Amino acid sequence: MSSAFENTIFEDPILNVIHLLNSIAQENPEAISLASGRPDDEQCDPVLIDKGLTRYQQHVASTEQSLATLLCQYGKTAGVINDILADYLQVDEGIKVLNPESIVVCMGFQEACTLTLLSIFEGGGILLVPDPVFSGITGIAKLLRIKILPVPMATFLNPTALRKVAEDLESRGEKIKALYAIADFSNPTADSLSYHDRRAMLRLAKEMDFFILEDTAYSYFRYEGEKIPSMKSIDSSRVFLLGSFSKSIFPGLRMGYVVAPEGDGVMPFSTRLCKAKSLVTVNTPALCQAVVAGLLIENHYSLKGLNQPRVLSYTNKRDHMIKCLERQFPLKADARRTITWNHPAGGFFINVHLPFVFGYSEMCECAKDFKVIVFPTSLFSLTNDAVTQVRLSFSNATTPEVTQAIDRFRAYVEFKMP
């Protein structure tokens, strides 16, 4: 007898990636994990909760609003701190939000992404994503039955090559509705779009009439070079900005937002977002909004200062991991390495290239027998690409843990090498 649930969308491997990230450490409690991309526990300060809430209470006391109503009642679907977020976006991102109602406060990136896809893909269309890419976006798109076209990362980062992909789709009668990009230090490969690439992507979106979903999760965590303006700040008309405070404050807040394009359409996108949200989560918890708003007011509508210690800490963590890799996988006599890796200018990850396939079974073997958990980059791929790549996260491991973990990883590599 066949089950009604056989061959459902929930069997798709992409929908299992986030669960896998959470479960692999539980299954191997003695292993050191370099798999999770969560922020450093030491940087998640619960004192910020009281500090933010107290400052917000002081702010409300200076207005005619009722604190009891704001914090204890159902709130506006779009959010109760939109004006404060608009000021914050102006200060930190140089984004001029003419109408704060174009901001919709969400329960983290995942809801922001879900609502945005729902608002754009009514009636079909194609979502372009780099490959490999964070499975949050692709998993949601699969659940919503949206057609996804994965674009190899090298092509995605090349404006001429990306244009050709888009033009080829158009020539076949396919309609691109949106493109997703983590412009700064993408997950899992830590690649970034240059200023030139961002402008070229915006031109392509305007010419071919599609939207850009810009994910800014790692924009505060640049360790080298000057900040590159977000695409939303360069040209707001084609960009949905998907923001989150999970990395810049802490994940437990579950606070994010969408800044929709502002326009005079029959139904503004912010209205579409709110209609969808009202049926999904009704509104974002006011207590979480209050903490964020209070911290923003306290820090003059900026999170740069609050995150400066984190940037310094993560810079040191990245540098230490690279030194460990250099020590465990030294140059050969011909000045080459069998194992190579990138040197990201920011973000939480280093992407390692191996001379052998590293997939799910290898991850389990490495965790069980060598007591170190590293994540296959290929599990973020829709094309079965990146099969010899491994994502290492330095964000939540201590220096001694990284030292020991890379030593164990080297032992595993030697075990696998012919």
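Residues numbered from 1 in each chain as written. Predicted model: local features only at pLDDT ≥ 70, side-chain atom pairs only at ≥ 80, totals over all residues. Heavy atoms only, no water.

**What about the sheet that holds strand β13 (residues 389–393)?**
Strand pairs in the sheet, formed through backbone hydrogen bonds, run parallel or antiparallel to each other.
Thought 1: Sheet architecture is open: four strands sit in the order β9-β10-β13-β12, paired in antiparallel fashion. One side of each edge strand has no neighbouring strand; the edge strands of this open sheet are β9 (340–341) and β12 (375–376).
Thought 2: Alignment of β12 against β13, held across two bridges, turns out to be antiparallel. Along β13, the bridge assignment pairs Phe 375 with Arg 391. (Pairing = 2+ DSSP bridges. Helix = DSSP H or I, 4+ residues; strand = E, 2+ residues; numbered from the N terminus.)

**What to know about the layout of surface pockets**
Where empty space is left becomes clear once a probe the size of a water molecule has been rolled over the atoms.
Thought 1: Estimates place the volume of the largest pocket at around 1100 Å³.
Thought 2: Around the largest pocket, the lining is made up of 41 residues, and of these Asn 22, Ser 36, Gly 37, Arg 38 and Pro 39 lie nearest the centre.
Thought 3: Those elements that provide at least two residues to the lining of the largest pocket are α1 (17–27), β1 (32–33), α5 (108–120), β5 (176–182), β13 and α15 (399–416).
Thought 4: With five residues, the single largest contributor to the lining of the largest pocket is α1.
Thought 5: When its residues are assigned to classes, the lining of the largest pocket shows 17 nonpolar, 14 polar and 10 charged. (1 Å grid on protein atoms, 1.4 Å probe; cavity = no way out; pocket = protein on both sides within 12 Å on 5 of 7 lines; lining within 4 Å. Points joined across faces, edges and corners; volume = space filled by probe spheres on them. Nonpolar A, V, L, I, M, F, W, Y, C, P; charged D, E, K, R; others polar.)

**A short note on the domain arrangement of the chain**
Thought 1: Taken as a whole, the chain is organised into domain 1 (9–44 + 305–416) and domain 2 (47–303).
Thought 2: The gap between the C-alpha centroids of domain 1 and domain 2 is 27 Å.
Thought 3: In this complex, domain 1 contributes 38 residues to the contact, which on the side of domain 2 involves 34 residues.
Thought 4: Along the contact surface separating domain 1 from domain 2 lie two salt bridges.
Thought 5: A salt bridge links Arg 318 to Glu 224, with the nearest nitrogen and oxygen atoms 2.9 Å apart.
Thought 6: Remark: the boundary between domain 1 and domain 2 carries 19 residue pairs in polar contact (both at pLDDT 80 or more).
Thought 7: The set of elements that each furnish at least two residues to the side of domain 1 that touches domain 2 consists of α1, α13 (304–328), β10 (349–353) and β13.
Thought 8: Here the element with the most residues in the side of domain 1 that touches domain 2 is α13; it accounts for eight residues.
Thought 9: Taken together, the residues of the side of domain 1 that touches domain 2 break down into 19 nonpolar, 14 polar and five charged. (Domains from an automatic or database assignment. Contact = heavy atoms within 4.5 Å. Salt bridge = Lys/Arg side-chain N within 4 Å of Asp/Glu carboxyl O. Polar contact = N/O pair within 3.5 Å; in protein donor to acceptor, adjacent residues only side chain to side chain.)

**Some words on the side chain of Asp 215**
Thought 1: Mapped onto the elements, Asp 215 comes out in strand β6 (residues 211–215).
Thought 2: The charged side chain of Asp 215 is buried without a salt bridge, its nearest counter-charge being Lys 247 at 7.5 Å.
Thought 3: In contact with Asp 215, not counting residues within four places along its chain, are Phe 109, Tyr 180, Ala 181, Ile 182, Ala 183 and Leu 242. (Buried < 20%, exposed > 50% of the residue type's maximum accessible area, 1.4 Å probe, protein only. Lys, Arg positive; Asp, Glu negative; His and termini not counted.)

**Let's talk about the nonpolar core**
Thought 1: Counting residues in each nonpolar core, the largest one holds 115 residues, and the members touching the most others are Leu 117, Leu 127 and Tyr 180.
Thought 2: Ranked by the residues each element gives to this core, the list is headed by helix α12 (residues 286–298), at nine residues.
Thought 3: Two domains each provide a minimum of three residues to this core, namely domain 1 (9–44 + 305–416) and domain 2 (47–303).
Thought 4: In contact with Tyr 180, not counting residues within four places along its chain, are Phe 109, Leu 127, Leu 128, Val 129, Pro 130, Val 133, Phe 134, Ile 137, Phe 156, Leu 213 and Asp 215.
Thought 5: Within the second largest apolar cluster, 22 residues are counted, among which are Ile 126, Leu 162, Leu 179 and Leu 193. (Core = buried A, V, L, I, M, F, W, Y, C linked by side-chain atoms within 4.5 Å.)

**Some words on empty space enclosed by the protein**
Thought 1: Within the structure shown, the criterion is met by two cavities of 30 Å³ or more.
Thought 2: The calculated volume of the largest cavity comes to roughly 80 Å³.
Thought 3: Looking at the largest cavity, it is lined by 14 residues, and the ones nearest its centre are Pro 130, Met 153, Phe 156, Ile 182 and Ser 186.
Thought 4: Among the elements of the structure, α7 (153–156) and β5 are those that each provide at least two residues to the lining of the largest cavity.
Thought 5: With three residues, the top contributor of residues to the lining of the largest cavity is β5.
Thought 6: Looking at the lining of the largest cavity, its residues break down into 11 nonpolar, two polar and one charged.
Thought 7: Quantified by volume, the second largest cavity comes out at close to 70 Å³.
Thought 8: As for the second largest cavity, its lining consists of Tyr 88, Glu 93, Thr 216, Ala 217, Ser 219, Tyr 220, Gly 243, Ser 244, Ser 248 and Tyr 257.
Thought 9: The residue makeup of the lining of the second largest cavity, split by class, is four nonpolar, five polar and one charged.

**Focus: the packing of helix α8 (residues 159–171) against helix α9 (residues 195–208)**
Thought 1: Orientation of α8 relative to α9, taken along the N-to-C sense of each, is 15°, at an axis distance of 10 Å. With respect to α9, the axis of α8 lies roughly parallel. The hand of the α8/α9 crossing is right-handed. On the side of α8, the interface is formed by Pro 159, Leu 162, Arg 163, Ala 166, Glu 167 and Glu 170, while α9 contributes His 196, Asp 197, Ala 200, Met 201, Leu 204, Glu 207 and Met 208.
Thought 2: Tallied by class, residues from the contact of α8 with α9 come to seven nonpolar, one polar and five charged. (Axes fitted to C-alpha atoms, helices over the stretch in contact; angles between N-to-C directions. Parallel < 35°, antiparallel > 145°, perpendicular 65-115°, else oblique. Left-handed = near helix turned anticlockwise from the far one by under 90°.)

**Comments concerning unusual backbone geometry**
Thought 1: Across the junction of Asp 131 and Pro 132, the peptide omega takes the value 5°, indicating a cis bond.
Thought 2: As for its placement among the helices and strands, Pro 132 is situated in the loop between β3 (126–131) and α6 (135–143).
Thought 3: Looking along the chain, the bond that leaves Asn 187 and enters Pro 188 is cis, with omega of 20°.
Thought 4: With respect to the element layout, Pro 188 can be found in the loop between β5 and α9.
Thought 5: Phi at Asp 209 takes a positive value of approximately 60°, unusual for a residue other than glycine.
Thought 6: Structurally, Asp 209 can be placed in the loop between α9 and β6.
Thought 7: Classification of Asp 209 as partly exposed rests on a relative accessible area of 46%.
Thought 8: Here Ala 386, not a glycine, exhibits a phi torsion of approximately 60°, which is positive.
Thought 9: Looking at the secondary structure, you find Ala 386 in the loop between β12 and β13.

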